[in-house]
Amino acid sequence: MMSNKAKMIVDKDFKIGEVDKRIYGSFIEHLGRAVYGGIYEPGHPQADEQGFRGDVMELIKGIDVPIVRYPGGNFVSGYNWEDGVGPVESRPKRLELAWMTIEPNLFGLNEFMDWCRKANTEAMMAVNLGTRGPNEARELVEYANHPSGTYLSDLRASHGYKQPHNIKTWCLGNEMDGPWQIGAKTAAEYGRIAAETGKVMKWVDPTIELVACGSSSLGMKTFPDWEATVLDLCYEQADYISLHQYYGNRDKDSANFLAQSMGMDSFINTVISTADYVQAKKRSKKKINLSFDEWNVWYHSNEADRQIERWSVAPPQLEDVYNHEDALLVGCMLISMLKRADRVKMACIAQLVNVIAPIMTANGGAAWKQTIYYPYMHASIFGRGTALVPLIQSPKYDAKDYTDVPYLESVAVHNEEKGEVTVFAVNRHLTDSLPLEVDLRSFGDCRLIEHIVLEHDDLKAANTIDAPDRVAPHTRGSAAVDGSRIEATLGKASWNVIRLKLA
Ligand code: AHR
């Protein structure tokens, strides 16, 4: 059955903003099997001389991930970065209180930077503002970025890294508003320590950029007062404010589940308004942009995680097995960020391998793509250029928590260099296809390159080690082009990528 038609008008002059490629970033935390058994597994048949898994690296390169946040997450709030550098045999094993495991410290800052170089990505480094403060953070910047001639820069050289790592992007702690955080703080406490830490980090290296912690989710009671207070206290030092948001489908209500990106839209818009309020209050010329540095679906593994024994090394934590509907919501969330490409300049899908991740591995065995790999890959590969305002008319529905939910979620990106426009579109309708007309009026004649579709009859279908391609995209989408008008029928519950070449 078909629901009423949807229409989208896109004009090359109605620009949202340049897409900063760093919105396609990801995250590797010392948590579960993200590092150990994920990106790093010495002895694996496909590991290189440093123990980096080549099969995982290939899957990551397939996405073209521009930036990776490290080493946490909650982990960073109890981490001593010094434990992870220098000769491996003298590194301490420690109780890790964020995830109740043992951290062997076989992998640390220098290994991560080597891995980044091999994976063609850059680092977003977080400092510990839970148990530590400005002194350890400025020492870390000196160790990582100062060229030479001081104790810490020479120490780095003695560890085999003569050249500075020149890490440009730094997070001032992680989720400091959360009671689960080691060393959680009030907004006033955090705002002050963020300001003092940021100040000395920038004194060591004035070229770095800093991300201050925003609220841990839209649902935090202190949101958005937290953002207002924190930015008021560290406006001068911060360049970005962070947002984190995960969604689940615990009520088994898929229509409501797919509507949740509307919450993400309002989260983004409220943080922009709050940042701009503080800017106005301070009569400042500086704009604070957004770093959505944790986002994804996360709930499938909650019960299994409760069964994990304390104090093991790299247990299978947060190993969500993603299904088809999860991929649809991930697609909607990517569209949400593109719709505010003017202000969302960085984002990290959390995380990259095994831990709530698009890539899964078996220890000693295969690596495969989860369902959510596909929308993330499509957006990263085809969603670079200028995001365009989507003028949308769509039939709507009411869900439990959201009203007037458009069946069509969509945005277009114009890549001027390649002479291409890509339309990303989700049909949220669970049972009906949706006819779509896209009017690309100002672009003139277009040619269809391909219409990629991710669809499946079973919303709960997932990819596993035994059936790694159960949910995979095809290019048999129905889009047809007539001049600058595109007609397509979007299958029920589908993710669509309509790629157009401009004349
Ligand atoms: O990504 C998993 C965890 O989620 C991170 O460690 C934390 O920052 C968030 O609560």
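Residues numbered from 1 in each chain as written. Predicted model: local features only at pLDDT ≥ 70, side-chain atom pairs only at ≥ 80, totals over all residues. Heavy atoms only, no water.

Chemist: I'm lost on the site of the ligand in this one. Help?
Modeler: Around the ligand lies a shell of 13 residues, among which Glu29, Asn74, Glu175, Tyr246 and Glu294 are the nearest. Take Tyr246: an N or O atom from its side chain is 2.8 Å from an oxygen atom of the ligand. Taking 280 Å² as the accessible area of the ligand by itself, protein coverage stands at 96%. Looking at the shell around the ligand, its residues break down into six nonpolar, four polar and three charged. (Near = heavy atom within 4 Å. Polar contact = N/O pair within 3.5 Å; in protein donor to acceptor, adjacent residues only side chain to side chain. Areas by Shrake-Rupley, 256 points an atom, 1.4 Å probe, with all protein chains shown as cover. Nonpolar A, V, L, I, M, F, W, Y, C, P; charged D, E, K, R; others polar.)

Chemist: Could you clarify how one ought to interpret the sheet that holds strand 2 (residues 15-18) in this entry?
Modeler: Think of a sheet as strands paired side by side through backbone hydrogen bonds, with each pair either parallel or antiparallel. Taken together, six strands build an open sheet; the order of strands is 2-15-19-20-25-22 and the sheet is antiparallel. Only two strands of the sheet have a single partner each, and these edge strands are strand 2 and strand 22 (446-454). On average, each strand axis in the sheet is tilted by 20° relative to the strand beside it, whichever way the strands run. Relative to strand 20 (residues 420-427), strand 19 (residues 408-415) runs antiparallel, the two being bridged by eight bridges. (Pairing = 2+ DSSP bridges. Helix = DSSP H or I, 4+ residues; strand = E, 2+ residues; numbered from the N terminus. Axes fitted to C-alpha atoms, helices over the stretch in contact; angles between N-to-C directions.)

Chemist: What should I look at first to understand the sheet that holds strand 4 (residues 67-70) in this one?
Modeler: Taken together, the eight strands give a closed barrel; going around it, the order is 3-4-7-8-9-10-11-12, and neighbouring strands pair in parallel fashion. When strand polarity is set aside, the average angle formed by the axes of neighbouring strands in this sheet is 30°. Of the pairings in the sheet, the one linking strand 7 (residues 122-127) to strand 8 (residues 169-172) comprises four bridges and is parallel in character. Within strand 8, the residue paired with Met125 across the bridge is Trp170.

Chemist: What is the right way to read the pairing of strand 8 from this model?
Modeler: Remember that side chains alternate between the two faces of the sheet whenever the strand is regular. Going residue by residue along strand 8, you find Thr169 and Cys171 tucked away on one face and Trp170 and Leu172 tucked away on the opposite face as well. Relative to strand 9 (residues 209-212), strand 8 runs parallel, the two being bridged by four bridges. Residue pairing in the sheet places Leu172 in a bridge with Ala212 of strand 9. (Buried < 20%, exposed > 50% of the residue type's maximum accessible area, 1.4 Å probe, protein only.)

Chemist: Looking at this structure, how should I read the pattern of salt bridges?
Modeler: When the charged atoms of two side chains lie near each other, side chains of opposite charge can form a pair. Overall, the coordinates contain 40 salt bridges when judged by the stated rule. As a salt-bridge pair, Asp83 and Arg94 come within 2.5 Å of each other at their nearest N and O atoms. Taken together, the residues Asp83 in the loop between strand 4 and strand 5 (94-96) and Arg94 in strand 5 connect sequence positions 11 residues apart. We classify Asp83 as buried; its relative accessible area is 8%. One salt bridge connects Lys492 with Asp457, and the closest N-O pair in it is separated by 3.3 Å. Of the two residues, Lys492 sits in the loop between strand 24 (485-490) and strand 25 (494-502) while Asp457 sits in the loop between strand 22 and strand 23 (480-482), which places them 35 residues apart along the sequence. Residue classification places Asp457 among the exposed positions, given a relative accessible area of 68%. The network of salt bridges with shared partners includes Lys5, Lys7, Glu437, Arg485 and Glu487. (Salt bridge = Lys/Arg side-chain N within 4 Å of Asp/Glu carboxyl O.)

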